[in-house]
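Next come the chains, spelled out residue by residue.
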Amino acid sequence: MDSARRNKLIVRWSLLTAGLIALFWASWYLVNGSVPVVTSIKMTPKWTVALPFGISHWWDVLMGPIWSTILILFFTNEQIRRNEDLAFGLVFGLVYGLVVFELAYGLVVYGLVYGLVVCGLVVCGLAYVLAFGLVVYGLVYVLVYELVKLIQILALKNFWTKISDWLLARN
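Bear in mind the structure is a predicted one, so any value in this text is a computation, not a measurement.

(A) Region of interest: the pairing of strand β2 (residues 47-56). Bridging between strand β1 (residues 37-44) and β2 involves 6 bridges; their strand directions are antiparallel. Its bridge partner lying in β2, Ile41 is registered against Val49. Hairpin connection between β1 and β2: a loop of 2 residues separates the two successive antiparallel strands.

(B) Layout of the UniProt feature "transmembrane region" (unreviewed entry) in the chain. The feature "transmembrane region" (unreviewed entry), as given by UniProt, occupies residues 57-75, 87-108 and 114-144 in the numbering adopted here. The distance separating the terminal C-alpha atoms of residues 57-75 is 28 Å; by composition the span is 84% helix and 0% strand.

(C) Just the pattern of salt bridges, in detail. Counted under the stated rule, the structure contains 1 salt bridge. Two residues, Asp165 and Arg170, come together in a salt bridge whose shortest N-O distance is 3.2 Å. Assessed through its relative accessible area of 24%, Asp165 is described here as partly exposed.

Rules used in this analysis
Residues numbered from 1 in each chain as written. Predicted model: local features only at pLDDT ≥ 70, side-chain atom pairs only at ≥ 80, totals over all residues. Heavy atoms only, no water. Pairing = 2+ DSSP bridges. Helix = DSSP H or I, 4+ residues; strand = E, 2+ residues; numbered from the N terminus. UniProt positions renumbered as here; feature names shortened; annotations may be inferred. Salt bridge = Lys/Arg side-chain N within 4 Å of Asp/Glu carboxyl O. Buried < 20%, exposed > 50% of the residue type's maximum accessible area, 1.4 Å probe, protein only.

What follows is the structure in structure tokens.
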């Protein structure tokens, strides 16, 4: 792979991951009023390492692009792709580290627990708003109309082709 295409992939995937993580933490901030700060790391049930200063989860916005850059450099490196043992070891280590420690913990703790709480709050809020009749009718009409328009756009094969071509730097 040529370096120009690899650089495009790095920039595009870095923007995508940074944007998605920023969107997540911005939504979190709007719902909870603050973003969590890590002040200690629990290594084992009996061993906790106290950090000298707190680290905000806003720094995750920078971690996404770092991970995407590492993965793109890894998967586009010809030397690694030719050596099967090295490739297997690196892929296994990356997948294990990413899935077990990052995604599993993040999805279970943050996604599931807080997702259920936020959904419960949204459902209660919507039930309260439904009592106001005309306002809700107007909101539902606009939301349904916009949702139908969004589904129409997402259903177009051309839309997904353009997205995948952009992300894979085919243009």
